[in-house]
Each structure stands twice: as C-alpha cells, then as structure tokens.
Amino acid sequence: MKVVRGIADLHLGTAEIGLVPTMGALHAGHRSLFRAARAENDVVVASLFVNPVQFDEPSDLAAYPRDEMRDAAIAEEEGVDVLFAPGPDELYPPDFATWIDVEAVGAEGAARPGHFRGVATVCVKLFNIVRPRRAYFGQKDAQQSAVLRRVVRDLNLPLEIRVMPTVRDADGLALSSRNVRLTADEREQALGLPRALQAAAGADDPVAAARAGLNGLHPEYIEVVDLGVATVLAAAVRVGTTRLIDNVLLEGDLS
Ligand code: AMP
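Residues numbered from 1 in each chain as written. Predicted model: local features only at pLDDT ≥ 70, side-chain atom pairs only at ≥ 80, totals over all residues. Heavy atoms only, no water.

Within the structure, the ligand sits among 17 residues, and Met23, His30, Asp141, Val167 and Leu175 are positioned closest to it. Here an oxygen atom of the ligand sits 3.0 Å away from a polar atom, N or O, in the main chain of Gly138. Leu175 is positioned such that a nitrogen or oxygen atom in its backbone is 2.9 Å from a nitrogen atom of the ligand. The protein chains hide 93% of the 480 Å² of surface that the ligand would expose on its own. Elements with a minimum of two residues in the shell around the ligand: strand S2 (17-22), helix H1 (28-40) and strand S5 (134-138). Sort the elements by how many residues they give to the shell around the ligand and H1 lands first, with three residues. Class assignment for the residues of the shell around the ligand results in eight nonpolar, seven polar and two charged. (Near = heavy atom within 4 Å. Polar contact = N/O pair within 3.5 Å; in protein donor to acceptor, adjacent residues only side chain to side chain. Areas by Shrake-Rupley, 256 points an atom, 1.4 Å probe, with all protein chains shown as cover. Helix = DSSP H or I, 4+ residues; strand = E, 2+ residues; numbered from the N terminus. Nonpolar A, V, L, I, M, F, W, Y, C, P; charged D, E, K, R; others polar.)

This is the structure we're talking about:
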C-alpha cells in the first residue's frame, strides 16, 4: 500500500477506482467499506482526513481520535492500494473560498449547522482528486449518504454512491470512532439507542415507540426520514459529552 500526502503525487491512471473516504480511527465498519470497494474495483483508494470544516463543535474536532500508523495497518490488511492522507493545507489553502451548499436532509442537518456543507465540499474535492467510479459510505450515516447522492445527481458527477449496512458490536451498538470516549456506564446507557430503534421499526408510530423505548436517554431528535431510495427511523442522542447517531431501515434499499 502506498501512502500519499500530496495531490500531485497520486498518479492513479485510468483503472476503475473505488474510493472510501474516512476520518480515520478505523474499525470494522470502515473495514466493510474497504472490502466492498476491493470486491468491485481495480484500485482501492482510502482517504484519511479529519475534515475540520464539517465539525460544528471545536471540542469534538480537538478530541477526535487519531492514530495513523494503526489506520494504515488496517487499510493495508483490507487490500487498500493507496492511502491518501493529506495535511489540512493540502485540501484547504488559506484563501479557500468555494463551498458545496446542499440543502440538508432531515433533522441531522438542522442539528449540525454547516456539517453537511463541510461533508459535501470535502467529498466533491476527493471525487475530483481521485476520480473514482464508485464511492463507499456506511448506512450509519444514512442522511450523509442521501446528501451525497443528491450532490452527485445535481452536479452530474460521474460516479456511483454505494451504501453498506451498519456494522455493530455484538451488543448492538453501531461502531463509531467516537465510542472510545464512552465510559463503561455510558456505553451501557448508549445501548438504549439501537434497542429503541430496533424495537420501534415495526410499530404503527415508530417515532413514539422509539421515544418510549429510549430508557432515560434524551434524544436530540427521532424522526422518520425519507431518503429517496429508502425510509429510515433515525435518532441522535447525547450520552455524557458524546453525541451518537443511529438508524434502522423501515422501507426500501439504501445500497
Ligand atoms: P468516518 O470515518 O466516521 O467519517 O466514517 C467513514 C465512513 O465509514 C462513513 O461513510 C461512515 O458512514 C462509515 N461508517 C462509520 N461507522 C460505520 C459502521 N458502524 N458501519 C458501517 N459504516 C460505518
């Protein structure tokens, strides 16, 4: 696996490329995206970049876990060909001034002002730099993948957005780079989120059922979101200082 920091050093040629954008602190959720990309493309590029402009809370950005050596070993194990790990100035020169301003999808966009603009901007930059045929995202961030599908459609970008199922720990908690911040007690509380969503998925009023099942956790939002190709029941909760999101499919197919 090649680790590349400069855009000019990528030299990817004309092969079919699968791109997996990540912010690092890699776990089995990221591994499943690498495997899907490996199975469907000639060349797999993973990006490793903690994108400052998508963080709406400076403390969240400062505390984001970073361990490039470990991440590189995981990417290599999963057959990634090129790890693109630019420094912040490589993607955002000091006079950077152009943004992809996409209308937010659902309450997640409203809850995190500027977040999807930051995600869409960095992804369009990565799409232009790497020129993938396919880009891989996780269902855990279902609203994000819907935003990116909209950007790809609206701007006629020549790639396909592929969405892979959420990978969970054995107890049901969706894997997330932020889970390492949970204390043992908080982790136990956090389980209320997947359990409530799962139990509510078949209910007549899934939002009310999920709210009732949250077991003392206070939701930032719980909502049924129409993502075009699928409808999901999505929620965000705060456990201690950690914000967690999750969703379950109600109808359709996100892939
Ligand atoms: P991140 O590094 O958190 O920006 O995530 C990079 C990609 O991995 C995004 O497309 C996420 O949706 C995806 N991802 C994160 N957690 C999971 C998970 N538990 N299962 C599947 N995909 C995930």
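One open sheet holds the three strands; their spatial order is S7-S8-S9, and the pairing between them is antiparallel. Only two strands of the sheet have a single partner each, and these edge strands are strand S7 (219-226) and strand S9 (242-252). Strand-to-strand twist in this sheet, taken as the mean axis angle between neighbours without regard to direction, amounts to 10°. Contacts from helix H9 (residues 192-200) reach strand S8 (230-239) and S9, with the element oriented near 15° to S9. Along the sheet, helix H10 (residues 206-213) makes contact with S7, S8 and S9, crossing S7 at roughly 155°. (Pairing = 2+ DSSP bridges. Axes fitted to C-alpha atoms, helices over the stretch in contact; angles between N-to-C directions. Contact = heavy atoms within 4.5 Å.)

For the rest of this paragraph, the subject is the pattern of salt bridges. Tallied over the entire structure, the rule returns 21 salt bridges. Close ionic contact of Asp60 with Arg178 constitutes a salt bridge, the shortest N to O distance being 3.0 Å. Of this pair, Asp60 sits in helix H2 (residues 58-62) while Arg178 sits in the loop between strand S6 (160-164) and helix H8 (184-190); the two residues are 118 residues apart in sequence, bridging distant segments of the chain. Owing to a relative accessible area of 9%, Asp60 belongs among the buried residues under this scheme. Classification of Arg178 by relative accessible area gives buried; the value is 16%. Residue Asp60 pairs with Arg181 through a salt bridge whose shortest N-O separation is 2.9 Å. In this pair, Asp60 is assigned in helix H2 and Arg181 in the loop between S6 and H8, connecting sequence segments 121 residues apart. (Salt bridge = Lys/Arg side-chain N within 4 Å of Asp/Glu carboxyl O. Buried < 20%, exposed > 50% of the residue type's maximum accessible area, 1.4 Å probe, protein only.)

Let us now look at the packing of aromatic side chains. Any aromatic ring pair is given by two values, namely how distant the centres are and how the planes are angled relative to each other. A complete count under the given rule lists four aromatic pairs for this structure. Seen from their ring centres, Phe49 and Tyr92 are 6.1 Å apart, and the 35° between their planes marks the pair as tilted. Taken together, the positions of Phe49 in the loop between strand S3 (43-48) and H2 and Tyr92 in the loop between helix H4 (88-91) and helix H5 (106-111) put the pair 43 residues apart, joining distant regions of the chain. Note on accessibility: Phe49 and Tyr92 belong to one class, buried. Ring geometry for Phe96 against Trp99: centres 5.2 Å apart, planes inclined by 85°, an arrangement best described as edge-to-face. Members of the aromatic cluster, joined through ring pairs, are Phe49, Tyr92, Phe96 and Trp99. The cationic tip of Arg117 hangs over the ring face of Trp99; the distance from NZ or CZ to the ring centre is 4.2 Å. The ring of Tyr92 has Lys125 lying over it, and the distance from NZ or CZ to the ring centre is 5.7 Å. (Phe/Tyr/Trp six-rings, centres within 6.5 Å; stacked < 30°, edge-to-face > 60°. Lys NZ or Arg CZ within 6 Å of the ring centre and 35° of its normal.)

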